[in-house]
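# A structural walkthrough
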Amino acid sequence: MGSLYRSFVSEWPGTMFLLATVIGLGIMAENLAAGNMAVVLLGNTIPTGAILVVLITTIGPISGAYFNLAVNIAFLLRGEILPRRVVAYVGVQVVGVICGAVLAHLMFELPLIQESTKLRTGMAQWISEFVATFGLLATIFGTLRW
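Residues numbered from 1 in each chain as written. Predicted model: local features only at pLDDT ≥ 70, side-chain atom pairs only at ≥ 80, totals over all residues. Heavy atoms only, no water.

In terms of nonpolar packing, the biggest core is built from 12 residues, these being F8, Y66, V71, A74, F75, I81, V86, Y89, V92, L137, I140 and F141. Counting only elements with at least two residues in this core, the list comes to α3 (69-77), α4 (83-107) and α5 (123-145). When neighbours within four sequence positions are excluded, A74 is seen to be in contact with L137 and F141. (Core = buried A, V, L, I, M, F, W, Y, C linked by side-chain atoms within 4.5 Å. Buried < 20%, exposed > 50% of the residue type's maximum accessible area, 1.4 Å probe, protein only. Helix = DSSP H or I, 4+ residues; strand = E, 2+ residues; numbered from the N terminus. Contact = heavy atoms within 4.5 Å.)

Shown next as structure tokens:
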């Protein structure tokens, strides 16, 4: 199996497991926290960080463990990956995201495809996304440097 093929194939389960973990944690935390949003946040944050370490450590050497459009674009802008590779990664990651969401819903016996009931937009949401993405990229490039 070629190196390029392994890269694309490894991004799919990596993205799937990341999304299944994040979505599953959200479902489980809300079910267990009895309305305490601090517990929900804590129950999501620590395991999400842990699964990222596991996935980056295991899949990183194979594909780079990009898992995120912003990461793909950042590496593209740095000239470290080619545009056609970004397009391929995004395609594989989209499939991984869908599979991860379906997997999480299967694990909690929820309808496999469902529409969100929570409004996730507005200035605060966009600022939060910007800060989180900046933090993610700063962490990636800061650790790569050392």
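Further notes follow.
A few words now on the packing of helix α1 (residues 3-32) against α4. Two elements in contact, α1 and α4, have axes separated by 7 Å at closest approach and are oriented at 35°. When the axes of α1 and α4 are compared, the crossing they make is right-handed. The class makeup of the residues in the contact of α1 with α4 is 18 nonpolar, 7 polar and 2 charged. (Axes fitted to C-alpha atoms, helices over the stretch in contact; angles between N-to-C directions. Left-handed = near helix turned anticlockwise from the far one by under 90°. Nonpolar A, V, L, I, M, F, W, Y, C, P; charged D, E, K, R; others polar.)

Moving on, we get to a nonpolar patch on the surface. A cluster of nonpolar residues, M123, I127, F130, V131 and F134, forms a patch on the protein surface that exposes about 600 Å² of accessible area. As for its position among the elements, F134 is in helix α5. By relative accessible area, F134 is classed as exposed at 57%. (Patch = residues over 30% accessible without salt bridge, like charges linked within 9 Å, V, L, I, M, F, W, Y side chains within 5 Å. Areas by Shrake-Rupley, 256 points an atom, 1.4 Å probe, with all protein chains shown as cover. Salt bridge = Lys/Arg side-chain N within 4 Å of Asp/Glu carboxyl O.)

Take the side chain of S63 next. Following the sequence through the fold, S63 ends up in helix α2 (residues 37-63). Here the side chain of S63 touches S10 through a polar contact of 3.4 Å, side chain to side chain. Within the local environment of S63, its side chain forms a polar contact with the backbone nitrogen of A65, the two atoms lying 3.1 Å apart. In contact with S63, not counting residues within four places along its chain, are S7, S10, E11 and Y89. (Polar contact = N/O pair within 3.5 Å; in protein donor to acceptor, adjacent residues only side chain to side chain.)

We now examine the packing of α3 against α4. Relative orientation of the contacting elements α3 and α4 amounts to 170°, with a least axis distance of 10 Å. By the criterion of interaxial angle, the relationship of α3 to α4 is roughly antiparallel. Across from L69, N72 and L76 in α3, the residues of α4 making contact are P83, V86, Y89, V90 and Q93. (Parallel < 35°, antiparallel > 145°, perpendicular 65-115°, else oblique.)

Secondary-structure assignment places S116 in the loop between α4 and α5. For S116, a relative accessible area of 46% puts it in the partly exposed group. Distance in space between the C-alpha atoms of S116 and G100 is 15 Å, their sequence separation being 16 residues. Only 2.8 Å separates the side chain of S116 from the side chain of R120, close enough to count as a polar contact.

Considering all chains together, one arrives at 5 aromatic pairs under this definition. Each ring, one from F8 and one from Y89, has its centre 5.2 Å from the other, and the planes form 70°; the classification is edge-to-face. Of the two residues, F8 is situated in helix α1 and Y89 in helix α4; the sequence distance between them amounts to 81 residues. Y89 matches F8 in its accessibility class, with the two residues each being buried. Centre to centre, the rings of F75 and F141 are 5.0 Å apart; their planes meet at 45°, and the pair counts as tilted. Of this pair, F75 sits in helix α3 while F141 sits in helix α5; the two residues are 66 residues apart in sequence, bridging distant segments of the chain. For the pair formed by F75 and F141, the shared burial category is buried. One aromatic cluster is present, formed by F8, Y66, F75, Y89 and F141 through successive ring pairs. (Phe/Tyr/Trp six-rings, centres within 6.5 Å; stacked < 30°, edge-to-face > 60°.)

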